[in-house]
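Each chain is listed here by its residues.
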Amino acid sequence: MRFDVADLAIEVLPEMRQLKGVATLTFTATAPLARLVIDLDTNLGPQGIAIDGKALPASAWSNPDGQLTIALPRPIAKGGTVTTTITYGGTPHVAVRAPWDDGMVWSQTPDGRPWIASTAEGYGCDLFWPCLDFPKGEPGRVDLHITVPKGLKAPANGVLVGVDTLPDGRTTWNWSAKSPNPYSVALNIGPYEEISGTYKSRFGNEIPMFYWYLPGEEQQAKELFAEFAPTLDFYESVVGPYPFGDEKVGVVETPHKGMEHQTINAYGNEYAKAPEGFDWLFQHEFGHEWFGNQLTAANWDDYWLHEGYESYMQPFYGRWREGEARYAAMMLGQRNNIMNQAPIVSGKLRTEEEVYEADKGGPGQDIYMKGAWMLHTLRNLIGDDAFKQVTTLEVYGRPDPRPGNFKPRFGSTQEYIANVKKVTGKDYGWFFDVYLKQAALPKLVQQRRGDQLTLTWQAPANLPFPMPVEVQVDGKVTKLPMTGGTGTLAVPANAHVVLDPWDRILKQNDAIDRYQAYMKAQMAKRAAAAKKE
Ligand SMILES: [Zn+2]
């Protein structure tokens, strides 16, 4: 079935730490439907269900383990629509350390007022609304009606339709958002202050920008808000138009670190300062509007398209702002964290946990830093222009995106590899076979015999790896094509040789391997000492 509209009326009760909701969900049958299967956490009921306005007996549904199954009173033919109204509520799951786990975060502002957020990337949207908990379960539209106690605000996804004030002072915040990722629909509640402005895009449109922050932080909030326009300009220049320009740029301060909630990005980095001169967390989460919300990987297995790209966009922004030295410094910082324990892509249908959690056999953090280093290597291999064209094509599904001529889309690793071929006219399958589908890195082996230097790539599983390499001989750089994975160069016996002096290629590195082993041993030592005390 296709998910057309989710209309969610949610009341948030901070004192009881409870939610009360009415979800009206409309689906179109893409095949004959006899029942609806919807995800809803068992903490939340449901208490009642209607189909097309008619209440069902409780015997018509069951929700034993969070898979709410509703028997339809009569089957829906292919192409027919069905609307279900689900009354639900209770005590939602509480996050212990959001956003690394998920649920509600019931926090307080420094002056003791409620400050509430939700995250759902891992455990799923069903923690607070009945949804289809997988990337393709994205509804065409979500209308939100969030009711909060007097004095609190509820900024959310999409466009603000209006705020209703109830007789007792509670307010209902009405929002409407197009095609949000299921996990990017978010609750954010607090006594927020608001800064707003307008961004004049290089594509001709004007985009409203908002930042909701806690009272008493006006100065820091202004400084962060000042980063919005230049960050937008960067992404619009190197990727393409901001995907949700007809809605808004929205950022909200949260009691957790951050999350890429569509048009209401969560920011919880406490205005940290960094030598690169911008807030990495804001810049990272905001970039997910392109890599995550506009382009969504249909399978969690391909989530390097979100996290690898976003991790790469951090040094890429450093380069945009300050040049190659900042870029190199930021890239090298990331390099030390690449673990190479499992391939980035398994080629199977995977859950979020199977990808993000290394102890479940997934690539874990490698979808971030190794993804970034793979993209760095790819850009150096195919050139800046081709890299930009590949990126734009993947994000928008077309080479010429303009506001209004594209929609959010789903992508995959396979499609990305095809796009590289389309843009460059060459088959780079060998590149992705090694970097995405193998755990170990390729190793560059050098041999010097007399006046001859021979370089050979040793790729995992003996895969072909014809990656050109720059060699610096007594200060002069030559590029070896490495056809067939090997190359030779005449080098005087006493010459000083540096391989790949700009570190353009992600490859095995003895020093980093030893450093990582040393750090691991140090941590084990410290943990053992802490245990004794
Ligand atoms: Zn991210």
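Cut-off values and rules
Residues numbered from 1 in each chain as written. Predicted model: local features only at pLDDT ≥ 70, side-chain atom pairs only at ≥ 80, totals over all residues. Heavy atoms only, no water. Salt bridge = Lys/Arg side-chain N within 4 Å of Asp/Glu carboxyl O. Buried < 20%, exposed > 50% of the residue type's maximum accessible area, 1.4 Å probe, protein only. Pairing = 2+ DSSP bridges. Helix = DSSP H or I, 4+ residues; strand = E, 2+ residues; numbered from the N terminus. Core = buried A, V, L, I, M, F, W, Y, C linked by side-chain atoms within 4.5 Å. Contact = heavy atoms within 4.5 Å. Donors = N, O, S within 2.8 Å, 3.2 Å for Na, K, Ca; no water. Phe/Tyr/Trp six-rings, centres within 6.5 Å; stacked < 30°, edge-to-face > 60°. Axes fitted to C-alpha atoms, helices over the stretch in contact; angles between N-to-C directions. Parallel < 35°, antiparallel > 145°, perpendicular 65-115°, else oblique. Nonpolar A, V, L, I, M, F, W, Y, C, P; charged D, E, K, R; others polar.

Could you clarify how one ought to interpret the pattern of salt bridges in this entry?
Should their charged atoms come close, side chains of opposite charge can pair. Here the structure, examined in full by the defined rule, presents 21 salt bridges. Note that Glu324 is salt-bridged to Arg319, the shortest N-O span being 2.9 Å. The partly exposed category is assigned to Arg319, whose relative accessible area is 22%. In this structure, the salt-bridge partner of Asp433 is Lys437, at a minimum N-O distance of 3.8 Å.

Where do I start with the pairing of strand β1 (residues 2–13) in this structure?
A regular strand places its side chains so that they alternate between the two faces of the sheet. Taken together, the eleven bridges between β1 and strand β2 (residues 18–28) define a ladder with antiparallel strand orientation. In the sheet register, Asp7 faces β2, and the bridge partner there is Thr24. Here β1 folds back onto β2, and the loop between the two strands holds four residues, one of which, Arg17, carries a positive phi near 55 degrees. Here β1 runs beside strand β11 (residues 141–148); their pairing, made up of seven bridges, is parallel. Bridge pairing in β11 places Asp7 opposite Asp143.

Hey, could you run me through the nonpolar core in this one?
Core analysis: the biggest nonpolar cluster contains 149 residues, and Trp304 and Tyr416 have the highest contact counts within it. A total of eight residues in this core trace back to one element, the largest contributor, which is helix α7 (residues 369–382). Excluding residues that lie within four positions of it along the chain, Trp304 makes contacts with Tyr309, Ile344, Val345, Ile367, Met374, Leu375, Thr413, Tyr416 and Leu436.

Any chance you could explain the coordination of the zinc ion here in plain terms?
Expected angles at a metal are 109.5 degrees for tetrahedral coordination by four donors and either 90 or 180 degrees for octahedral coordination by six donors. In this structure, His284 (NE2), His288 (NE2) and Glu307 (OE) serve as the protein donors to the zinc ion, at separations of 2.1 Å. For His284, a relative accessible area of 5% puts it in the buried group.

Would you explain the packing of aromatic side chains in this entry?
For any two aromatic rings, the description comes down to two numbers: the centre-to-centre distance and the angle of the planes. Counted by the stated rule, this structure contains 43 aromatic pairs. Consider the rings of Tyr435 and Phe465, whose centres lie 5.6 Å apart with planes at 80 degrees: the pair is edge-to-face. With Tyr435 in helix α10 (residues 429–435) and Phe465 in the loop between β23 (452–458) and β24 (469–473), this pair connects stretches of sequence that are 30 residues apart. Phe465 carries the same exposure label as Tyr435, and that label is buried.

Would you explain the sheet that holds strand β22 (residues 443–449) in this entry?
Pairing is antiparallel across the open sheet formed by three strands, whose spatial order is β22-β23-β26. The sheet is open, and its two borders are formed by β22 and β26 (486–490), each paired with just one other strand. With strand direction ignored, the average angle separating the axes of adjacent strands in the sheet is 20 degrees. Across five bridges, β23 lies against β26 in antiparallel orientation. Bridge assignment links Leu455 to a residue of β26, and that residue is Gly487.

When you look at the sheet that holds strand β14 (residues 188–189) in this model, what are you seeing that I'm missing?
Within a beta sheet, neighbouring strands are joined by backbone hydrogen bonds and run either parallel or antiparallel to one another. Spatial ordering of the open sheet is given by β9-β10-β14, a layout of three strands whose pairing is antiparallel. The sheet is open, and its two edges are formed by β9 (103–108) and β14, each paired on a single side.

Explanation requested: the packing of α7 against helix α8 (residues 384–396) in the structure shown.
In a pair of packed helices, the angle between the axes and the distance between the axes together describe the arrangement. Close contact between α7 and α8 brings their axes to 6 Å; oriented N to C, the two are set at 125 degrees. Overall, the two elements α7 and α8 adopt an arrangement that is oblique. Touching Leu375, Leu378, Arg379 and Ile382 of α7 are Asp384, Ala386, Phe387 and Val390, all from α8. Tallied by class, residues from the contact of α7 with α8 come to six nonpolar, no polar and two charged.

Got a minute to help me understand the side chain of Thr391 in this structure?
Position of Thr391 among the secondary structure elements: in helix α8. Residue classification places Thr391 among the buried positions, given a relative accessible area of 1%. Here Thr391 is in contact with Val239, Phe291 and Tyr309, once residues within four sequence places are set aside.

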